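Given next are the chains, with one letter for each unit.
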Amino acid sequence: MNILKKIEKFCSGEKFVFIVAILTFLLHIVAADIAGILLYAILAGAGFVLFKDFRPSFTLMASAIFIVSMQNSPGYTTGGNYYTTPVVLALAAVSIFLVLAGLAFRTIRYRENLKSGKLYVPFALLSVSLLLAGVGQNYYKVSIAFAALLTVSGVGLYVLFSGSFDPFDGLLDYITSLFSVLALLIGLQIFAVPIYKMINGTFDAMLDNWKGNMIVGWGVNNLAGEMIIFLIPFMFRKLQKGEHVVLWSIAICFCTITVFFTFCRAAMLFGFPMILAFGVYTFVKNPQRKTIALTIALCACAFFAFILILGFCTDFTKIFEYFKTAFKRDDKFAWSSRDVIWAKRWDYFLEYPIFGAGFAKEYFESDAIEKGKTLYMFLAHNFVMEMVGGAGILGIISTLFLLVSTGIRIIKNKFEGKMFLGATILVYTLISLFDTVYFNSYCHIYVIFALVVAEKLIEREKAKQNETEQSETARAEAEQSDISETATI
């Protein structure tokens, strides 16, 4: 075995996932943003070309975004003097190109894998509706640029992932390890935010606006909490397999607590019932249920003790005052005011019923640019209403077609890991009814990868069924032949 094969074998294992996560956390903490991202991109791009195994490069690709630090993040604004500098922008573009070029090369090389994808038509229709959204309107140039980015990150990744790997042995175990470790990584990054604020003397200011100051770096508070919810189902698979029950029980408790402290209501609304359901199911099915129960109880006691200590030493408890106004219409963060935004999208649809008003109309007709706000803040915070107002009738048709096609594909077929992959896709869809995660390009990496993995496992299950049917047919024919020979004698 040559050195390249040894490297590939090691980097395809679970230890490499943990090593990359630790390195990612360190790069994140020391704010080595573009250096780390470029390093990961070079290695991932090279791995896609040199290695037969998909895992080493995808581990790096899936981890790269989490390098983006809280120190360099512009947060809710378009400002900041790091990611707007020409050198950083150029290196970021090079990084993206290297990864996508490596993926494209691999897809062409292993193009027979594309056969497992059955959602090309729905994704293609969605891409057309995105690119035509707001055609002929004042802000179409900005809207189509935004739509092109979404087309690459959505439709493009679906095609590239579908062609990049086959349903290899250990695929479900790989996504289980990767997503579980990434969820834990995000939890640690959320926990690091107030620690960082304490060190630089801005913790008291954070207490006055906890939600607004919970900027992880690569994402604001909502996105960080939602990302954990997308990934956490696979931690329960770790428990169900009986792997390090105590450690993964602690990890689940820790990540659940960190989601709460993001104050992301969409993540809590859909994520916490899902976590409870998985918890009950795992508790009932796992023979080590007493160990799990004791671990959770100890975690709960430790959490409340920690809160009490913080409450005595600081004004920490005042952050919970946020929930007094969190659901009131006059609160600027409350999601109950989403109805106003959705009503505006309906008005856009009535005014521009065929192709919609595009995705930039409200942004440019407000004071957002003067205040340095991002376009994401002026999206509908509901992917259905976004397509209704932004892309018109074509958008409605393409969105429903994709949703129904995906739902049928997942529900109709039997495959290993259906509960966990289905939960990730479902909770992503539900949260997208209340937040802008559906237009976040790098979030697509994880939900589309989960979808493609599901399709690969469906393909493998069907191949097994075909083999079984052929074997039974051959055996039946052999038995019939024996009976005929006996009768002849």
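Residues numbered from 1 in each chain as written. Predicted model: local features only at pLDDT ≥ 70, side-chain atom pairs only at ≥ 80, totals over all residues. Heavy atoms only, no water.

Further remarks concern the overall build of the protein. The number of helices and strands found in the protein is 21 helices and zero strands. Seen through its C-alpha atoms, the protein measures out along the principal axes to roughly 95 × 60 × 45 Å. Expressed as a percentage of the 489 residues in the protein, the buried residues total 51%. Within the protein, residue pairs in contact and separated by at least 24 positions form 80% of the contacts whose partners lie at least 6 positions apart. Element-wise, carbon and sulfur atoms account for 69% of the exposed surface of the protein, whose accessible area totals about 22700 Å². The average position of the 41 basic charges and that of the 36 acidic charges among the side chains of the protein differ by 3 Å. (Helix = DSSP H or I, 4+ residues; strand = E, 2+ residues; numbered from the N terminus. Buried < 20%, exposed > 50% of the residue type's maximum accessible area, 1.4 Å probe, protein only. Contact = heavy atoms within 4.5 Å. Areas by Shrake-Rupley, 256 points an atom, 1.4 Å probe, with all protein chains shown as cover. Lys, Arg positive; Asp, Glu negative; His and termini not counted. Charge placed at Lys NZ, Arg CZ, Asp CG, Glu CD.)

Here we take up the pattern of salt bridges. All told, the structure shown has 13 salt bridges when counted by the stated rule. Here Arg-55 and Asp-53 are joined by a salt bridge, their closest N and O atoms 2.7 Å apart. The exposure class assigned to Asp-53 is buried, which follows from its relative accessible area of 18%. Measuring nitrogen to oxygen at the nearest pair gives 2.8 Å for the salt bridge that ties Lys-241 to Asp-173. Taken as a pair, Lys-241 in the loop between helix H12 (233-240) and helix H13 (245-260) and Asp-173 in helix H8 (residues 171-199) lie far apart in primary sequence, 68 residues in all. Look at Asp-173 and you get partly exposed, because its relative accessible area is 34%. Counted as one network, the salt bridges with shared partners bring together Glu-14, Asp-169, Asp-173, Arg-237, Lys-238, Lys-241, Glu-243, Glu-416 and Arg-460. (Salt bridge = Lys/Arg side-chain N within 4 Å of Asp/Glu carboxyl O.)

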